[in-house]
Amino acid sequence: MDWLTSISSRIFFAAAVIVLIIGVIDWILRLFDWTFSWVPYEPGRMLTFSAVLMIYVAVLLLRQIREQTRGSAPKA
């Protein structure tokens, strides 16, 4: 289970960074009245998608930290 959460968090982090970069570049291009024609969303919406993916990655990392601390804690 640990390898699955690790791989999924890495995939979601990479996807979030890619969506973030595309959103920022599209936002900058819109300042010059250009846009990516293949992107169906506004740059703000893409930044929202990136933030949601980053929150999911943070939750997965916090879950891994909790599991590691529970495993190493002394039993009373």
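For every chain, the first residue of the written sequence is number 1, and numbering continues from 1 onward in sequence order. Only residues with pLDDT of at least 70 are given local features in this predicted model, and only at 80 or more are side-chain atom pairs given and counted; all residues enter the totals for whole chains, interfaces and linings. In computing side-chain properties, one takes all heavy atoms of the structure into account and sets aside hydrogens as well as water.

What about the side chain of Thr5?
Our working definition: By definition, any uninterrupted DSSP run of H or I lasting at least four residues is a helix, any uninterrupted run of E lasting at least two residues is a strand, and each is numbered from the N terminus. Any two residues having at least one pair of non-hydrogen atoms within 4.5 Å are treated as being in contact.
Topologically, Thr5 is positioned in helix α1 (residues 2-31). Contact partners of Thr5, with chain neighbours within four places excluded, come to Leu60, Arg63 and Gln64.

Here we look at a nonpolar patch on the surface
Cut-off, in case you're wondering: Patch definition: residues above 30% relative accessible area lacking any salt bridge, with like charges linked at up to 9 Å and the nonpolar side chains Val, Leu, Ile, Met, Phe, Trp and Tyr linked at up to 5 Å. Computed with the Shrake-Rupley method and a 1.4 Å probe, the accessible areas treat only the protein chains shown as cover for residues. The term salt bridge refers to a pairing of a side-chain nitrogen on Lys or Arg with a carboxyl oxygen on Asp or Glu at a separation within 4 Å.
A surface patch of nonpolar side chains, about 830 Å² in accessible area, is lined by Leu20, Val24, Trp27, Ile28, Leu31, Phe32, Trp34 and Leu47. No other element matches α1, which puts 5 residues into the nonpolar patch.

Section: the packing of aromatic side chains
Selection rule: Aromatic pairing here means that ring centres of Phe, Tyr or Trp (its six-membered ring) are within 6.5 Å. Orientation follows from the plane angle: under 30 degrees is stacked, over 60 is edge-to-face, and everything else is tilted. With a 1.4 Å probe rolled over the protein chains alone, any residue whose accessible area is under 20% of its type maximum counts as buried; one over 50% counts as exposed, and the rest are partly exposed.
Within the structure shown, the criterion is met by 4 aromatic pairs. Summarising the aromatic geometry, the rings of Phe32 and Trp34 are spaced 6.2 Å apart at their centres and angled 40° between planes, so their arrangement reads as tilted. A relative accessible area of 55% means that Phe32 is categorised as exposed. A relative accessible area of 56% places Trp34 in the exposed class. Consider the rings of Tyr41 and Phe49, whose centres lie 5.1 Å apart with planes at 85°: the pair is edge-to-face. Here Phe49 falls in the partly exposed class, since its relative accessible area comes to 34%.

Remarks on unusual backbone geometry
One non-glycine residue, Asp33, lies in positive phi territory at about 60°. Within the fold, Asp33 resides in the loop between α1 and α2 (43-72). Here Asp33 falls in the exposed class, since its relative accessible area comes to 72%.

Considerations on the packing of α1 against α2
Axes are the key here: two packed helices are described by the angle between their axes and the distance separating the axes. The criterion, for reference: Only the contacting stretch of a helix is used when fitting its axis, a line to C-alpha atoms as for every element, and angles between N-to-C directions run 0 to 180 degrees. Angle categories: roughly parallel below 35 degrees, roughly antiparallel above 145, roughly perpendicular from 65 to 115, and oblique for all the rest. Working rule for handedness: look at the near helix, and if it is turned counterclockwise from the far one by less than a right angle, call the crossing left-handed; if clockwise, right-handed. Polarity classes work like this: nonpolar for Ala, Val, Leu, Ile, Met, Phe, Trp, Tyr, Cys and Pro, charged for Asp, Glu, Lys and Arg, and polar for all others, with Gly in that last group.
It is the contact of α1 with α2, at a shortest axis distance of 8 Å, that shows an interaxial angle of 160°. As the angle between them shows, α1 and α2 are arranged roughly antiparallel. When the axes of α1 and α2 are compared, the crossing they make is left-handed. Taken together, the residues of the contact of α1 with α2 sort by class into 19 nonpolar, 7 polar and 4 charged.

Some details on α1
What counts here: Take the number of residues in a helix, subtract one, and multiply by 1.5 Å to get its expected span.
Between the first and last C-alpha of α1 there are 44 Å, a value that for 30 residues agrees with the 44 Å anticipated at 1.5 Å per step. Listing the buried residues of α1 in full gives Thr5, Ser9, Ala16, Ile22, Gly23, Asp26 and Leu29. Directly beyond the C-terminal end of α1, a positive phi value near 60° is found at Asp33.

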